[in-house]
Amino acid sequence: MQLTRATAVQKISDDLRVRLSAPEREVKVSIPVRMDDGSLKVFEGYRVQYSSLRGPYKGGVRYHPDADINEVRALAFWMTMKCAVAGIPMGGGKGGVTVDPKELSIKELERLTRGFVRKLAPVLGPQRDVPGPDVGTNATIMGLIADEYSKIVGKATPAVATGKPLDQGGSEGRSESTGIGGMYVLMALLPHLTRKKPSQLTVAIQGFGNVGSFLARNLVAEGFKIIGLSDSKGGIYTEKGLDPDAAETYKKKNGSLEGFPGTKNISNEKLLELTCDIVVPAALENAITKSNAAKIKAHIVLEMANGPTTTEADDILFKKEIHVVPDVLANAGGVVVSTYEWEQNLKNEHWTEKKVLGKLRKLLEREAKNVWKRSTKLKTDLRRAAFSVALERLDATLDKTPKKR
Ligand code: NAP
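Residues numbered from 1 in each chain as written. Predicted model: local features only at pLDDT ≥ 70, side-chain atom pairs only at ≥ 80, totals over all residues. Heavy atoms only, no water.

Hey, could you run me through the sheet that holds strand E6 (residues 202-206) in this one?
Strands in a sheet are paired, the pairing made by backbone hydrogen bonds, and the direction either parallel or antiparallel. The strand order across the open sheet formed by seven strands is E9-E8-E7-E6-E10-E11-E12, and the pairing between neighbours is mixed. The two strands at the open ends of the sheet, each matched to only one other strand, are strand E9 (264-266) and strand E12 (323-325). Within this sheet the neighbouring strands show an average axis-to-axis angle of 20 degrees, counted without direction. Taken together, the four bridges between strand E7 (residues 225-231) and strand E8 (residues 234-237) define a ladder with antiparallel strand orientation. The residue bridging Leu 229 from the neighbouring strand is Ile 236, located in E8. Against the sheet, helix H6 (residues 177-193) engages strand E10 (278-281), strand E11 (300-302) and E12, with an angle of about 160 degrees to E11. (Pairing = 2+ DSSP bridges. Helix = DSSP H or I, 4+ residues; strand = E, 2+ residues; numbered from the N terminus. Axes fitted to C-alpha atoms, helices over the stretch in contact; angles between N-to-C directions. Contact = heavy atoms within 4.5 Å.)

Honestly, unusual backbone geometry in this entry has me stumped. Any pointers?
Note: most residues except glycine have negative phi, and most peptide bonds are trans. Positive phi values are uncommon outside glycine, yet Glu 321 reaches one of about 60 degrees. Checked against the element boundaries, Glu 321 lands in the loop between helix H10 (311-319) and E12. Of note, Asn 348 is a non-glycine position whose phi angle comes to about 55 degrees, a positive value. Mapped onto the elements, Asn 348 comes out in the loop between helix H12 (333-347) and helix H13 (353-378). Looking at Asn 348, the relative accessible area reads 73%, which means it is exposed. (Buried < 20%, exposed > 50% of the residue type's maximum accessible area, 1.4 Å probe, protein only.)

Please clarify how the sheet that holds strand E2 (residues 40-51) should be interpreted in this entry.
Judged by pairing direction, the sheet is mixed, and its five strands sit side by side in the order E1-E2-E4-E3-E5 without closing on themselves. Unpaired on one side and paired on the other, strand E1 (25-34) and strand E5 (129-133) mark the two borders of the sheet. The sheet shows a mean angle of 25 degrees between the axes of neighbouring strands, taken without regard to direction. Direction of pairing for E2 relative to strand E4 (residues 92-98): antiparallel, over a ladder of six bridges. Each residue of the ladder has a partner; that of Tyr 46, found in E4, is Gly 96.

What should I look at first to understand the pairing of E4 in this one?
Regular strands show a simple pattern: their side chains alternate between the two faces of the sheet. Burial of E4 is extensive: six of the seven residues sit out of reach of the surface. In this structure, strand E3 (residues 57-64) lies alongside E4, joined through four bridges in parallel fashion. The partner of Tyr 63 across the bridge, within E4, is Val 97. For the crossover from E3 across helix H3 (residues 69-86) to E4, the handedness is right-handed. (Right-handed = clockwise from strand over helix to strand, strands pointing away.)

How should helix H14 (residues 382-395) be read in this particular structure?
Owing to its 3.6 residues per turn, the α-helix brings residues three or four apart onto one side. The terminal C-alpha atoms of H14 lie 20 Å apart, and with 14 residues this matches the ideal 20 Å at 1.5 Å per residue to within 8%. H14 sits mainly inside the fold: 13 of its 14 residues count as buried. You can read the cap of H14 off the contacts: a side-chain oxygen lies 3.1 Å from the backbone nitrogen of Arg 383, and it is on Asp 381. (Expected span 1.5 Å × (residues − 1). Polar contact = N/O pair within 3.5 Å; in protein donor to acceptor, adjacent residues only side chain to side chain.)

Even after reading the chapter, I still don't get the environment of Asn 286, so can you show me in this structure?
Inspection of the secondary structure assignment puts Asn 286 in the loop between E10 and E11. Owing to a relative accessible area of 46%, Asn 286 belongs among the partly exposed residues under this scheme. For the pair Asn 286 and Asn 306, spaced 20 residues apart in sequence, the C-alpha to C-alpha distance is 8.9 Å. Setting aside residues up to four positions removed in sequence, Asn 286 forms contacts with Gly 307, Pro 308 and Thr 310.

For this particular structure, what's the right way to read the domain arrangement of the protein chain?
Interface size is often expressed as the accessible area that is lost when the parts come together. The domain architecture assigned to the protein chain consists of domain 1 (25-166) and domain 2 (171-405). For domain 1 versus domain 2, the distance between C-alpha centres works out to 25 Å. With 32 residues of domain 1 at the interface, the matching set in domain 2 holds 31 residues. Buried surface at the junction of domain 1 and domain 2, summed over both partners, amounts to about 2,600 Å²; 69% is from carbon and sulfur atoms. Put simply, domain 1 and domain 2 have one salt bridge between them. At the boundary of domain 1 and domain 2, one finds 10 residue pairs in polar contact (both at pLDDT 80 or more). A total of 11 residues in the side of domain 1 that touches domain 2 trace back to one element, the largest contributor, which is H3. Partitioning the side of domain 1 that touches domain 2 into residue classes produces 20 nonpolar, six polar and six charged. (Domains from an automatic or database assignment. Buried area = accessible area lost by both parts, 1.4 Å probe. Salt bridge = Lys/Arg side-chain N within 4 Å of Asp/Glu carboxyl O. Nonpolar A, V, L, I, M, F, W, Y, C, P; charged D, E, K, R; others polar.)

What's the story with the UniProt feature "active site" (unreviewed entry) in the protein chain in this structure? I'm lost.
On the UniProt side, "active site" (unreviewed entry) is annotated at positions that read Lys 94 here. Note on placement: Lys 94 falls in strand E4. Setting aside residues up to four positions removed in sequence, Lys 94 forms contacts with Tyr 46, Arg 47, Val 48, Gly 59, Gly 60, Val 72, Leu 75, Ala 76, Met 79 and Asp 134. (UniProt positions renumbered as here; feature names shortened; annotations may be inferred.)

Help me understand the UniProt feature "binding site: NAD(+)" (unreviewed entry) in the protein chain, please; the structure alone is not making it clear to me.
Here the UniProt feature "binding site: NAD(+)" (unreviewed entry) sits at Thr 178 and Asn 210. In terms of the greatest pairwise C-alpha distance, the residues named above, spread along 33 residues, form a tight cluster of at most 8.3 Å across. Looking at the secondary structure, you find Thr 178 in helix H6. Using a relative accessible area of 10% as the deciding quantity, one classes Thr 178 as buried.

Written as structure tokens, this is what we have:
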């Protein structure tokens, strides 16, 4: 759907259209896992390798009860676009296991992860396919992936997975990279989107997990005022402005943001409709749909979640002249630092946080400006402009020499 919309503004070669019409490889595996009570359970796992036109497949592994091959395939296509928008030397892939990780013990999760790697090992590898974390997985699981793969191939191979713990070859700056990256993208685009300075801008953020909390902290440091925050239990609001550190401490102690002193409780739906300058969906997909898009009052939507805006909502926001900074650009900081981790592992180096975040800032500022220029040239929205940049880069990898008939 998004590809069709993007190709309306960016002509692509017939060869690229064919190459992107289906993933290069889809793997479906059964993973038998010995449970703590001695029983044997079988879980279904997937890895979709969508495109290697720009480099080894790159994309997270999701552990979720709703994960299935269709979702993983769509996410693998998205990763192809995201890596191309970011201009990193990676292709697109994604993985998933249909499981609720909260229902497994730590040992069961370890056996599941090692079993998944044993099934996938022939198609993984630093130059082939490099998984990273996603919903329901974390640094520990990435460390297990690298460890199991290393055992199978008989040598330490940390570059086979990213998002690992620091003492297992992880990169400085990886945990904050998506949130801080969103701030870098926003700051690069801001002069084009509004005449106001950060200190004159108010922000509401839906989702206060890894991405939302690091973004909130970094926006406050730049002078923005956060007037609303939310988690799965609901939202909080105050015109006076929130301190993200205090909100995080409160959430850790009380299990949710609700009742944070000096704020009013509001629903997640109302949070998106607050009168503010910037609204940030940083939780789940499909947060902004045709039923609430017309009620958005913010002038800018910064998409930190993957797929938070439906295509119908996109059209409504475009007509309302609301700028949507698309996920493939706004949340690309995570995959960029994952790529830096891969590069450090391959070169046996360990970069400082200053170096990692300095490189990330430079890259995202450059690519955000690139997407902005493309949107003005094509007179289109930032999402189609980002796809246009990605498709052009993918097309450039194809051999254009005339074929003999
Ligand atoms: P996370 O740490 O699990 O945090 C998710 C947050 O969203 C939590 O605060 C959660 O609330 C909240 N939430 C869950 N359901 C909600 C609902 N219905 N309404 C409002 N809030 C809800 O996940 P994350 O890593 O921050 O990822 C957030 C989004 O960013 C996802 O779409 C992910 O795919 C995307 N993303 C993440 C990265 C990355 O590097 N982490 C990179 C690119 C994209 P509770 O705290 O109450 O559970």
